[in-house]
Amino acid sequence: MQKYSVFNLIKKAFNGHKGWEVAWKDPAPKAEYDVIIIGGGGHGLATAYYLAKEHNLNNIAIVEKGWIGGGNVGRNTTILRSNYMHDENGLFYEKGMDLWRSMSQDLNFNVMYSPRGIINLAHSDAQMNAYTRRGNSMRLNGIDAVLLGREEIKKLVPVLDFSENVRFPIFGGLMQPSGGTARHDAVAWGYARQADAMGVDIIQHCEVTGFDIVNGKIKGIQTSKGNIKTKKIGLCVAGSTSILAEMLNMNLPLETHLLQACVSEPIKPILDHVVTFGAGHFYCSQSDKGEMVMGGDLDGYNSYAQRGNLPTLQHVLTEGIAMLPFLSKLKMLRTWGGIMDMSMDGSPIIDKTHIEGLYLNCGWCYGGFKATPVSGWTFAHTIAQDRVHKLNAGFNLNRFNTGHLIDEKGLGTKTWIS
Amino acid sequence: MLHIKCPHCGLRSQNEFSYGGDGTIKRPELNKEISDQDWNNFVYNRKSPRGKHVELWQHISGCRQWIKVQRDTVTHEIFQTADVKQDIK
Ligand SMILES: Cc1cc2nc3c(=O)[nH]c(=O)nc-3n(C[C@H](O)[C@H](O)[C@H](O)COP(=O)(O)OP(=O)(O)OC[C@H]3O[C@@H](n4cnc5c(N)ncnc54)[C@H](O)[C@@H]3O)c2cc1C
Ligand SMILES: [Zn+2]
């Protein structure tokens, strides 16, 4: 594989940038693989990469119905954080933060990792108390957390609405300084390029339509490009999990819902951090191109539409203007949506299943981008070793049987209400 | 914007309703021995189909009644609405 470096860039500039290798090939499926990953989103690509890199498997395929980066991995608002209270979440996502820090070097691809800090605003004394508790829990798990008062926030983010007569005055907030953003496309492409270089077949435009299971054991898959044999399957299809679960006769604690996001026209740098509104659901960061990147609530009813509805957008942006009044002067550049695998306790599932050779990776809700590296890392371990890693042991499917839910937000089963 | 025909009030905008999820889920009968699996299916497990979905909505800014709606989860086309006690096939 060609290395990406400034020297290679200059060298190639002399012959008009001809002679760059393709980043990943476009192979036809082989008859059989040791492991097939279904879904070429961030999680599927990362899983294949770590299977090859950490577990020395070299006969792996990723089967993707569309194209690499066409799913949620290319639709999210790129926020990275590990500001969770529960141990299962905190320790898992913090391992993810470690992987983010070295990702560009590891993948030899600039993923534009930007630890600019994430600030959750608080608008009442009660909320400050809750954030104090969460911050302390985070620090006990070795995660950076700083509680900020109103004046400190004013210094960091002066464009917020600090006037006295607002409905939700800013009392303070909780900041995770190492939180931030990364470029989502680059993450997908970086993992794809490295996985390909290690011999993983990335098979695009190939939809999985069925499974071959004999005596409770995986034997292969049926696809739009024919049948492929395998003994191990990793399911990484995010918002499409319930559709594949139906083919497997499984009824999962998931519902598919739609989340929208939008960006404004680009403006000069004005917002240095990721900031979230605490009296509703709105968050905002500024991209390197200068666009304000914004998102918030789910549309609120089951949807596979991959495009959203205006009432939710209006509601979300009303909160945005309450937080950052200057937003009202900007033009909207684009809005879009993606379909989310909402789990019944808001936490993911990374586990084996009752079918031998079938491994499940789902339930990412609206926060799976930040999990991309650690999800792939733990899922690869689970598939290769046929047992969960201690970091994903809590994310088992059986917790819905035993009652060991990981309900970070205390929302109960209607996580889509948010 | 969805337009939902409340069986009691007529056609109204989505803004007047709040969503109640899968309308085919039946609560296990009271005072009967119920397996953990049955409880799971009632509380957590959902089919979440791509296509026709029977779901509950409450006409919260109208008559405040719960209603059943059959809607396509891809196109959002609404095929049928009914009083909550009625069955939608
Ligand atoms: C608007 C929006 C904003 C978000 N913001 C954030 C954020 O700020 N921070 C954060 O951490 N997370 C965020 N998320 C969530 C995050 O994007 C997802 O949780 C995560 O990307 C899901 O994992 P993935 O990348 O593997 O999914 P995807 O990229 O969706 O990959 C799944 C793949 O499976 C493929 N597939 C489906 N069915 C089949 C089949 N039958 N055969 C073969 N392939 C199939 C799909 O085509 C798709 O490419 C956001 C999501 C959205 C939509
Ligand atoms: Zn009504």
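Caption draft 1: Spatial organisation of the pairing of strand β5 (residues 66-72) of chain B. All names here are of chain B. Extensive coverage of β5 is indicated by the burial of six of its seven residues. Pairing analysis gives seven bridges linking strand β4 (residues 52-58) to β5, with the strands arranged antiparallel. Across the sheet, residue E55 finds its bridge partner in β5, namely V69.

Caption draft 2: Quick look at the coordination of the zinc ion (ligand 2). All names here are of chain B. Coordination sphere of the zinc ion (ligand 2), protein contribution only: C6 (SG), C9 (SG), H59 (ND1) and C63 (SG), at 2.0 to 2.3 Å. Given four donor atoms and angles of 104 to 119° at the metal, the environment of the zinc ion (ligand 2) is assigned as tetrahedral. For the zinc ion (ligand 2), all donor residues lie on one chain, and their spacing in sequence is C-x2-C-x49-H-x3-C. Linking C9 in the loop between β1 (3-6) and β2 (10-13) with C63 in the loop between β4 and β5, this pair joins segments that are 54 residues apart in sequence.

Caption draft 3: Main features of the pairing of β1 of chain B. Residues I4 and C6 of chain B line the buried face of β1 of chain B, whereas the alternating positions H3 and K5 of chain B sit on a face that is not buried. Following β1 of chain B, the chain reverses through three residues before pairing antiparallel with β2 of chain B.

Caption draft 4: A look at the packing of helix α3 (residues 87-101) of chain A against helix α10 (residues 372-385) of chain A. All names here are of chain A. At a closest axis distance of 7 Å, the pairing of α3 and α10 adopts a crossing angle of 110°. One finds that α3 runs roughly perpendicular with respect to α10. Contacts between α3 and α10 involve F92, K95, G96, L99 and W100 from the former and P373, V374, S375, W377 and T378 from the latter.

Caption draft 5: Highlighting the environment of N40 of chain B. Counting through the fold element by element, N40 of chain B comes out in helix α1 (residues 36-43). C-alpha of N40 of chain B to C-alpha of Y19 of chain B: the two residues are 21 residues apart in sequence and 21 Å apart in space.

Caption draft 6: Structural detail: the environment of A393 of chain A. Topologically, A393 of chain A is positioned in the loop between α10 and α11 (399-402). Residue A393 of chain A is classed as partly exposed on the basis of its relative accessible area of 31%.

Caption draft 7: Geometry of the sheet that holds β5 of chain B. Residue and element names in this part refer to chain B. Overall, antiparallel pairing links the four strands, which are arranged β3-β4-β5-β6 in an open sheet. The strands lining the two open edges of the sheet, one partner per strand, are β3 (18-22) and β6 (78-83). Each strand of the sheet is rotated relative to its neighbour by a mean of 30°, with strand direction disregarded. Taken together, the five bridges between β5 and β6 define a ladder with antiparallel strand orientation. Residue I67 lies in a different strand from β6, and its bridge partner there is D83.

Caption draft 8: Up close: unusual backbone geometry. Look at H17 of chain A: it is not a glycine, yet its phi comes out positive at around 60°. On the secondary structure map, H17 of chain A appears in the loop between α1 (6-13) and β1 (35-38). Given a relative accessible area of 39%, H17 of chain A falls into the partly exposed group. Within the chain, N31 of chain B stands out as a residue other than glycine whose phi angle is a positive 55°. Mapped onto the secondary structure, N31 of chain B falls in the loop between β3 and α1. By relative accessible area, N31 of chain B is classed as exposed at 83%.

What counts, and at which threshold
- Residues numbered from 1 in each chain as written.
- Chains lettered and ligands numbered in written order.
- Predicted model: local features only at pLDDT ≥ 70, side-chain atom pairs only at ≥ 80, totals over all residues.
- Heavy atoms only, no water.
- Buried < 20%, exposed > 50% of the residue type's maximum accessible area, 1.4 Å probe, protein only.
- Helix = DSSP H or I, 4+ residues; strand = E, 2+ residues; numbered from the N terminus.
- Pairing = 2+ DSSP bridges.
- Donors = N, O, S within 2.8 Å, 3.2 Å for Na, K, Ca; no water.
- Tetrahedral: all angles 85-135°; square planar, octahedral: opposite > 155°, others 65-115°.
- Axes fitted to C-alpha atoms, helices over the stretch in contact; angles between N-to-C directions.
- Parallel < 35°, antiparallel > 145°, perpendicular 65-115°, else oblique.
- Contact = heavy atoms within 4.5 Å.

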